[in-house]
Each structure stands twice: as structure tokens, then as C-alpha cells.
Amino acid sequence: EQGCNPFAQTGRSKLQNKRASLNQQIIKQMRIRAGAENLLKATSNNKVKEMVLLELSYVNSNLQLLMGQLEGLNSSVDVYQNTQDTANIPLIALGLKETKEVDFSTHFKDFILQHYSEDGNSYEEEIADLMDLRQACRTPSRNDAGVELLAKYFSHLPLIESRFFSPTHHTGIFFTWYDSFTGVPVCQQNLSLEKASIFFNMAALYSQIGTRSDRQTITGLEEAIASFQIAAGTLNQLKETYTHTPSYDLSPAMLSMLIRLMLAQAQECLFEKIALPGIRNQFCPLMKMAQEAAKVTEIYDQVHQSMIQMPIKDNVPLFWSTMAQIKTNHYRSMAHFFVASALLDHQLGPNDDEDQQEKTLSQVYDNIPEGRTPLDILKKQDERQCVGKAHIRRAIQGHEEALRIYGLCPSLNSLELLHGILKASHQRSLNKYSENEKEDEFPDYTEAPDIVPKTEHKAEMEVPTTTKVKVADFFQRLGPLSVFSSKQRWTAPRTVRVKPEDRDVGFNLKGDAPVQVVSLDPLCPAAADGLKEGDYIVAVGETDCKWLGVTEVLRLLRDAKDEEIEMQVVTMMDSMSSKLTKKSSFLSWGLKNKLKSASTLSLPTDDHSGSLPWNKPCPTFPSSSSYNNDSALY
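Residues numbered from 1 in each chain as written. Predicted model: local features only at pLDDT ≥ 70, side-chain atom pairs only at ≥ 80, totals over all residues. Heavy atoms only, no water.

With an unreviewed UniProt entry as reference, the chain is termed Rhophilin, Rho GTPase binding protein 2, source organism Takifugu rubripes.

Caption draft 1: Inspection of empty space enclosed by the protein at higher detail. Scanning all chains against the criterion turns up two cavities of 30 Å³ or more. If you go around the largest cavity, the residues you meet are Lys97, Glu98, Thr99, Arg134, Cys137, Arg138, Trp177, Ile198 and Asn201. By residue class, the composition of the lining of the largest cavity is three nonpolar, two polar and four charged. (1 Å grid on protein atoms, 1.4 Å probe; cavity = no way out; pocket = protein on both sides within 12 Å on 5 of 7 lines; lining within 4 Å. Points joined across faces, edges and corners; volume = space filled by probe spheres on them. Nonpolar A, V, L, I, M, F, W, Y, C, P; charged D, E, K, R; others polar.)

Caption draft 2: Fine view of unusual backbone geometry. Cis geometry is found at the peptide bond from Met310 to Pro311, where omega equals 0°. In this structure, Pro311 sits in the loop between α9 (283-307) and α10 (312-315). Between Ala513 and the following residue, Pro514, the backbone shows a cis peptide bond with an omega angle of -5°. Relative to the elements of secondary structure, Pro514 occurs in the loop between β4 (508-510) and β5 (515-518). Phi at Ser117 is positive, roughly 55°, even though this residue is not glycine. Looking at where Ser117 falls in the secondary structure, it is placed in the loop between α3 (105-116) and α4 (124-137). (Helix = DSSP H or I, 4+ residues; strand = E, 2+ residues; numbered from the N terminus.)

Caption draft 3: Quick look at the nonpolar core. Within the largest apolar cluster, 127 residues are counted, with the highest numbers of intra-cluster contacts made by Phe108, Leu258, Trp320 and Phe475. No other element matches the 15 residues that helix α11 (residues 318-345) contributes to this core. Those residues within four positions of Phe108 in sequence are excluded, and the remaining contacts are Ile127, Leu130, Ile160, Phe164, Phe165, Ile173 and Phe475. (Core = buried A, V, L, I, M, F, W, Y, C linked by side-chain atoms within 4.5 Å. Buried < 20%, exposed > 50% of the residue type's maximum accessible area, 1.4 Å probe, protein only. Contact = heavy atoms within 4.5 Å.)

Caption draft 4: Examining the pattern of salt bridges more closely. Applying the stated criterion across every chain, the model contains 18 salt bridges. Taking the shortest distance from any N to any O, the salt bridge between Arg404 and Glu401 comes out at 2.7 Å. Here Arg404 pairs with Glu401, and both are found in helix α14 (residues 381-408), just three residues apart, close to one helical turn. Taking the relative accessible area as the measure of exposure, Glu401 reaches 26% and is therefore partly exposed. In this structure, Asp535 and Arg494 form a salt bridge, with 2.4 Å as the shortest nitrogen-oxygen distance. Highlighted residues: Asp535 in the loop between α16 (525-528) and β6 (536-540) and Arg494 in strand β3 (residues 494-498), separated in sequence by 41 residues. On the basis of relative accessibility, which here comes to 0%, the residue Asp535 falls in the buried class. On the basis of relative accessibility, which here comes to 14%, the residue Arg494 falls in the buried class. Salt bridges linked by common partners bring Glu118, Asp544 and Lys546 together as one network. (Salt bridge = Lys/Arg side-chain N within 4 Å of Asp/Glu carboxyl O.)

Caption draft 5: Looking closely at α4. A rise of 1.5 Å per residue sets the reference length of α4, with its 14 residues, at 20 Å; its end C-alpha atoms lie 20 Å apart and thus fit the reference within 8%. Listed in full, the buried residues belonging to α4 are Glu126, Ile127, Leu130, Leu133, Arg134, Ala136 and Cys137. Along its buried surface, α4 packs onto α3, α5 (144-164), β1 (175-178) and α6 (192-212). (Expected span 1.5 Å × (residues − 1).)

Caption draft 6: Broad picture of the pairing of β5. Of the two faces of β5, only the one carrying Val515 and Val517 is buried; Gln516 and Val518 on the other face are not. With three bridges connecting them, β4 and β5 associate as antiparallel partners. Within β5, the position partnered with Lys510 by the bridge is Gln516. The hairpin formed by β4 and β5 contains four residues between the paired strands, and Gly511 there has a positive phi angle of roughly 120°. (Pairing = 2+ DSSP bridges.)

Shown next as C-alpha cells:
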């Protein structure tokens, strides 16, 4: 699997490379600080304490500078926007979480040898494929192929966990991921952090796809809306599933804020989609657009309120909270502008639907200005002008506030497009006010009421459909996962030899894969020699049969032309047999696992079980000395 070229000089790759470099510097400073703090606790020498405190002040200053640079990278939204010249307000994309490389090779090979009693070196290709897939996930392409790449690796993780991550045995593999806001590393041995971080990156990738969409076309806006809604759904699923991940960017409070942010941007794109074909200059369509803009305002206000709460405030870039505040004021001003236009530019004529306009106006307000009714405002010219101008004044005030906030955030200075949009909107409101202002008119202090937010298309979280894809288990040669997993324990494989002419009492085989010995006749010499009910047949001759059913195994035994038929069998070590296996578990790696016995075989029946009699006594065990060093292989 191939991700993007990490050395490609694209804007996003440069940003990620800088973020990775800053993460390493932050780690270095944190290690120095930890060492200095330990020394401060351990020493009683005042001179040493003074030197350590001075060093700590330098380290903390460096950390603050590095955190500031990381915040600057998180504020670099321009690299995520559509590359074409557009007149849209920039959107915020989540940056990908960075991670260290992980070498599975040594640990997995050792685990395969110790737990599965197989040669770990024979799985080098599978381990390399897994490591290549994870490496590619560090630089996914910003499209559906990148999402599918992350989903593929995410789907492999439960299989890897079942194969190699035992609840009672630590593999020694550490997964390190960096907080996307603070750069602080988090390290764990289990796969919870790995799963949660990949899930977060899927949401981040959807947000990047959304910001990159062409918002000058209906198709591009629909792509953006869908991407932000899926990003919100992915983050919500992450919040509900991985509740105890120590990384702060994966905390419930932070994820809740990010979900609101994604939904706010989806709602903003929905508003742009409605406005893109053009807004009809009529009373009812203008009132409808006013309520749509008020809905965007409402959601962005909720986002801003969540961003300024502690402890989120200390970790969210100032740029983000400033953008949310600017958009709150900008879209509120647009809502008031639309209402003002509907009242000032359109008079109630004889051909107009008076009832419809009265109903529309009453739905726009929660509280109508004192002493007025919707019908009074519509019919009386003075009232209509008074309320309309009150709305345009609120629009002007909101635009001025948005421009003021813009000027307070240094990170916004590079976004000239945003500044241009804010100034143009402000000027449009000023022009509207000038058109309706009369020189001899007394000042009017009527306060325009708030506009009720309402939308016909509310942004909703969408459940991601690509979080899991069908994948082929890299390590399926180890056998069916239902049996051959890290949670199960068995004896090492031992060889059972059967001669065709040894016909006596038998036993039954059952199971689709792998085949299991059931109903073993206690009179069978093989039972006395160590064959047990419940043993799994893992090989017949040179053929691995972990994935074969009863019919296939019996065919292998029946078609064998050699005088002796060899089977490899393993015994499950469960709680019932722990007393028997406790003393022999270590011996099973030595000579004991090569003891050979004979057994009887089974014929297939309707329920995949059967028996095949052999009428001669089973041979006795050969002496253990005859195996020499061969037994060490097991």
C-alpha cells in the first residue's frame, strides 16, 4: 500500500514535516524538564537548586515557544483550502496526528515461536506487509483512497490484536502518538491508542477533503457537506468507543467541541449551497435566507462558547476560537441584512399574499418590538422603515465587530481573502443604510429583535461507512482465529503415527476447521498412549490442515500411500486441564512432544463426524533417545 510521498514538497506535507520536527523538539525539552525536576526534588544543596531552577525557567520558555509554533501550524488553514481562486470564507481542517515508526518484526517472530510453536522467520513477508501498510497510513492521500487506506489498516488491528496481544502477556511493542494540539507524546503497549488515533486521522482526513472541495459548484458543496458530516460522525463514534485514551485531543471534551465545529462548517456549506444559484429578491425568500444565516450563527456561537471553556481554551489555537467568533458575528449580520432588505426594498402590494407575509414575519421573530404587530410592520410605511433600518444598524454593528476581532488575531493577517469578504459585507450594509437615510430625519433608537434560527436542511452526523472494510488476515496461515489466537493456549505440536494395517477400535473427527478428535474409545491403544479427546489435527503428513474440514482431512489420510501416516496434533490447555499440563508445559518444548502414538481415524457423516476402524493393535512408543536433536525444533 502506498500513501503520499512524505518527501513531496506539497503544502500539506511541509506542514506535517514541521509538525513532526516540533514534536521531537517538544519531547526533548520535556525530558530535560523531567530530569531537572527530579534533580530539584533529590538535592538539598541550595546552589544546585538555584542552577536547576534557572535551567527550568529556560526549558519552560522553550516549551512555550515550541507550543506557540505548533499552534501556528494548526492555524495554517490556507494549505487545506481549494487551490482555485474562490470567494469563500476559509474553513478549518484537522491536522493528522503524528506517530513514530513501529517495528513488529522481532516481537511478532518471537511470539509466533513461543505461542504458536511455528518458525517466526517464515512470516517475514506478512510482517513486512503489515509494517508497509502502517507506514503508508502516516501519509494518506487527501481523497477517498486515503480514507480507504486508513480504514484498511484499522480493520486489520482487531485481527492483529487477537493474534498477538494477549491480556496476560505483553508483546513489548510500544505505540507512540503525538497530541495534535500540544505535541505531547502518549505511549501505550495495547492497541487502544493505535485504534483511536487512526480513527481520529480518518476524521481529520474527511475534514481536509471538505475544506479542499470546490465551494463554487453544487457538486463541490455537496462533497464538503458530506465530508464534514462524516467527520462529525467519526469523531462521535470515537468519543463513544474510546473513552479512556490519555491523549488530550482524544478526550471527550475536546471531541465534543470538534464535533460541533464539523457540524457548524457543514451547516455553513449548506447555507452556501442555498445561496449559490442566487437569492430571489422577494420578501419570503429573503426572510428564509435570514433564518438560514441565523442558524449558522447559532451553531458557530455554540462552537465558540465550547472553545473558550477550560481546559479546552488552553489547548485550542486562538485562531480557531477567533474564526468561530468572527463567523458568529458575520452570519448574524447577514441575517439582519436579509431582513432589512425584505422590509426596506419590498412594500406590501395589492397582489401580494398578505397572510403569507404576516405568517413569515411572525415566524422570524420570537419577540416583536413593543407596541407593534406583524401586520402593522407590513402595512405601515413608517413602521416598516423603522424596523428595517434597525436591522441594518445591527448588521453594520456586527460587521464592525467581526472586523475588530479580525484585527486582534495576528494569525489572521495572512488571510487577505477573509478580510476582503468582511469589508465587502460591511460596505454593503453601509450602502443599504445610506440608501434609506433621510437628512431631516430624527435619530431612531428602535432596537431590532433577534432573528429566530431555522433551516430546512440541518447538518447531522453521518455514520461513516468506510471505517471497516473487508480485509484478508495477514497471518491466516496460523489457523482459524476462533481457535488460534493469543487468548488460547495449547501444548506444542506432537506427532501421531498410524499404520493402515493397525485396525482396532477408533475415534471420531468433527469440525469444519480445524478438525477435532471427539468420542475417543478408551480401549484404543492411542488413548493410552496420550491421544486425547479435544485434540486438534493441525497437519497430515506435509499438508497443513488447520483450515481443512473433516472431509478433506479424511481424504488426506485415505489417500496416503506410505506405510505410516503422520499427524500433527495439539491439545488445548484450558482451566480443566491446567493441573495436568502445568508440569508438562515446559517439557512439551523438549523430547516429550515427539512421543509418537497410533490412533484411529474417522469417516465423514452428515454432521461432519464419523469413524474408521483399524483392526490391529497400535504400536508402542519408541524410545525418546531415537529423536535426538529433532525434538528441539518443537
